[in-house]
Amino acid sequence: MHSNKYIFIYSVVMVLIVAVALTVVAIQLKPAQENNIRIEKMQNILTSVNIVTTPKDAETIYKKVIISNLVTDSKGTEISGVDAFSVDLAAEMKKPEADRKYPVYLARLDNGDTCFVFQLRGKGLWGPIWGYISLRSDMNSISGVMFDHKSETPGLGAEISTPAFMGQFKEKQIFDAQGNFTSVQVMKGGAPEGDVHAVDAISGGTITSKGVEHMIHDCLLGYEAFIKKHNSTKP
Amino acid sequence: MSEDKNTREPMFSAKIVKILTRPFNLENPITVQVLGICSALAVTVQMKPAIVMALSVTVVTAFSNLIISTLRNTIPSRIRIIVQLVVVAALVIIVDQVLKAYVYDVSKKLSVFVGLIITNCILMGRLEAFAMAQKPWPSFVDGIGNGIGYGLILITVGFFRELLGSGKIFGIDVVPQFLYDAGYVSNGLMILPPMALITIGVIIWLQRSKNRELIDKS
């Protein structure tokens, strides 16, 4: 039988050794991990303009396709001196609306079209959901979207990141004929045929589906001033 | 401590080989001891995550067995479970960090299941039943054996689920196009966890029909 003193010293020494070992490992691997996260972000942005990439070619394609990026505030004024890629939208969304910085990416596609990519961030059922949405140069039709999530239910809410769900958003419109902001509804029970402002929700994933709807609405609302400013075909 | 008092044994004596190979079949952690089922259902949709998971579990069982066995005479018995958990948790975190750094896409697919290796019953089972009473080398081999035994089932299940569920192996199409043209459709049900359970059930059935001694007397 070991004495209490022995047990205390034993546990303290053990914990110290483990802590040092884990710290060393974490610091050593951090650059590689951060690079992976950076490349994934590039891949996500490219997915929203319908370009499929692999982790290997993502950086090259990103540099070719994304011709510039900028940061705007909720009034549509560009903020200079900030790199859009390094803006953490999750942190920005916690600030009051007037202080928020919204990143915008400009993509030139192979067919010569220009797309604006906007970043999205919202809440799902179990945790955060996020994504990117790209608008054609008319600043109204959606060219593509990309959604991802931290911990939605597999087979239900997690379906938001499948091509089947994301594909529905293509060619939908975020403004009505009068130029009012309508966003895109995610409708339980299915969107009416031919409705350009709605898509089908996921059966069994209602809360996540609504989360996607709110995310698109709330984030694009912050971009609304910027979008209207750059909308050349305004009614 | 019930420890072998034998003097030095050769590295790969018949006993060591037996310790290594026993978990492949007659003492398989999944099909015979029925441990670690949950992760086996979750990560076997494709071959690649199944193999990475198998490797991760093998590394963790082998090294936690080795470390605990080395320390076994110093570990105060009153806190031995805590010591085991700390060692396992530290190893799992290291594995998780390495996966995040070098195979990021796979680590995303495995998501929480790497972290849940900590609670994998195979680990605590082997630590308590084997490493606490045996010398480091046999314990290390036992860990590798159990990891491989676990991995064999994972990879077998992953093979059939990926083949029948999406017509691919390692993400490469293997079902020829003319079969699809003739009306063959991949079985989407195979991608869902229930079919993993059924696949494991079939493996258990085949294994017991070959090894009659595994069949319960009752």
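Fair warning: this is a prediction, and the values are worked out from it, not measured in the lab. Per chain, residue numbering runs from 1 following the sequence as it is written. Following the order in which they are written, the chains are lettered starting with A and the ligands numbered starting with 1. Predicted model: local features are reported for residues with pLDDT of at least 70 only, side-chain atom pairs are reported and counted for 80 or more only, and whole-chain, interface and lining totals are derived from all residues.

Quick look at the overall build of chain A
By the criteria applied, helices consist of DSSP H or I runs no shorter than four residues and strands consist of E runs no shorter than two, each listed in order from the N terminus. The helix and strand tally for chain A stands at five helices and eight strands. Written out in order from the N terminus, the α and β elements of chain A read α-α-β-β-α-β-β-β-β-α-β-β-α. A principal-axis box enclosing the C-alpha atoms of chain A has dimensions of 85 × 45 × 35 Å. Going through the 235 residues of chain A one by one, you find that 30% of them count as buried. A pair of residues counts as a contact when their C-beta atoms, built from backbone coordinates, are separated by no more than 7 Å. Considering only intrachain contacts with a sequence separation of at least 6, the fraction spanning at least 24 residues in chain A is 51%. Remark: C-beta atoms are placed from the backbone, and a residue is labelled buried if 20 or more other C-beta atoms sit within 10 Å of its own, exposed if 12 or fewer do, or partly exposed between those counts.

A few points about the interface of chain A and chain B
Between chain A and chain B, the residue contacts involve 19 residues of the former and 16 residues of the latter. Following the grouping adopted for this structure description, the nonpolar residues are Ala, Val, Leu, Ile, Met, Phe, Trp, Tyr, Cys and Pro, the charged ones are Asp, Glu, Lys and Arg, and the polar ones are all others, Gly among them. The class makeup of the residues in the side of chain A that touches chain B is 13 nonpolar, five polar and one charged.

Comments concerning the pairing of strand β5 (residues 128-135) of chain A
All names here are of chain A. Of all eight residues in β5, six are buried; the element is thus mostly enclosed. Relative to β5, strand β4 (residues 114-123) runs antiparallel, the two being bridged by eight bridges. Opposite Q119, over in β5, you have Y132 as the bridge partner. When DSSP finds at least two bridges between two strands, those strands are taken to pair. Count of turn residues in the β4/β5 antiparallel hairpin: four residues. Of the pairings in the sheet, the one linking β5 to strand β6 (residues 142-149) comprises seven bridges and is antiparallel in character. Residue pairing in the sheet places G131 in a bridge with F147 of β6.

Points about the packing of helix α1 (residues 14-21) of chain B against helix α8 (residues 136-166) of chain B
Residue and element names in this part refer to chain B. Close contact between α1 and α8 brings their axes to 7 Å; oriented N to C, the two are set at 30°. Along the contact surface, α1 presents I16, I19, L20 and T21, while α8 presents P138, V141, D142, I144 and G145. Of the residues contributing to the contact of α1 with α8, the split by class is six nonpolar, two polar and one charged. Orientation is described by axes fitted as lines to C-alpha atoms, over the contacting stretch for helices, and by angles from 0 to 180 degrees between their N-to-C directions.

Describing the confidence of the model for chain B
Within chain B, residue pLDDT values average 84, and 95% of them lie at 70 or more. In the predicted structure, residues 1-5 of chain B sits below a pLDDT of 50 and forms five contacts with residues beyond four places in sequence or in another chain. As a per-residue measure, pLDDT reflects the predictor's confidence and takes values from 0 up to 100.

Some thoughts on helix α4 (residues 80-102) of chain B
For α4(B), spanning 23 residues, the distance from its first C-alpha to its last is 33 Å, which sits close to the expected 33 Å at 1.5 Å a residue. For α4(B), the set of buried residues is B:V83, B:Q84, B:V87, B:V88, B:A90, B:L91, B:V92, B:V95, B:Q97, B:L99 and B:A101. Buried residues along α4(B) sit in contact with α1 (4-48) of chain A together with α3 (47-71), α5 (104-110), α6 (112-115) and α7 (121-131) of chain B. In a helix, the anticipated span is given by 1.5 Å times the number of residues less one.

Some points on the sheet that holds β4(A)
All names here are of chain A. Strand order across the open sheet formed by six strands is β2-β1-β3-β4-β5-β6, with antiparallel pairing between neighbours. Where the open sheet ends on each side, the last strands, each with one partner, are β2 (78-79) and β6. Strands in contact with helix α5 (residues 206-229) are β1 (66-72), β3 (102-108), β4, β5 and β6; relative to β4, the strand with the most contacts, it is inclined by about 130°.

Looking at the pairing of β6(A)
Taken residue by residue, a regular strand's side chains alternate between the two faces of the sheet. Most of β6(A) is tucked away, with seven of its eight residues classed as buried. Here β5(A) folds back onto β6(A), and the loop between the two strands holds six residues, one of which, A:M139, carries a positive phi near 60°.

Focus: the packing of α8(B) against helix α10 (residues 193-210) of chain B
Helix-helix packing is characterised by the crossing angle of the two axes and by the distance between the axes. Residue and element names in this part refer to chain B. Close contact between α8 and α10 brings their axes to 10 Å; oriented N to C, the two are set at 120°. One element, α8, and the other, α10, form an angle in the oblique class. Two packed elements cross with a definite hand, and for α8 against α10 that hand is right-handed. Residue-level contacts link I153, T156, V157, F160 and R161 of α8 to M195, A196, T199, I200 and I203 of α10. In terms of residue class, the contact of α8 with α10 is built from seven nonpolar, two polar and one charged. The scheme is simple: roughly parallel for angles under 35 degrees, roughly antiparallel for over 145, roughly perpendicular for 65 to 115, oblique for anything else. A crossing counts as left-handed when the near helix is turned anticlockwise from the far one by less than a right angle, and as right-handed when that turn is clockwise.

With respect to the confidence of the model for chain A
On average, residues of chain A score 89 in pLDDT, and 98% of them are at 70 or above. The weakest mean pLDDT in chain A belongs to β2(A) at 86; the strongest belongs to β5(A) at 94.

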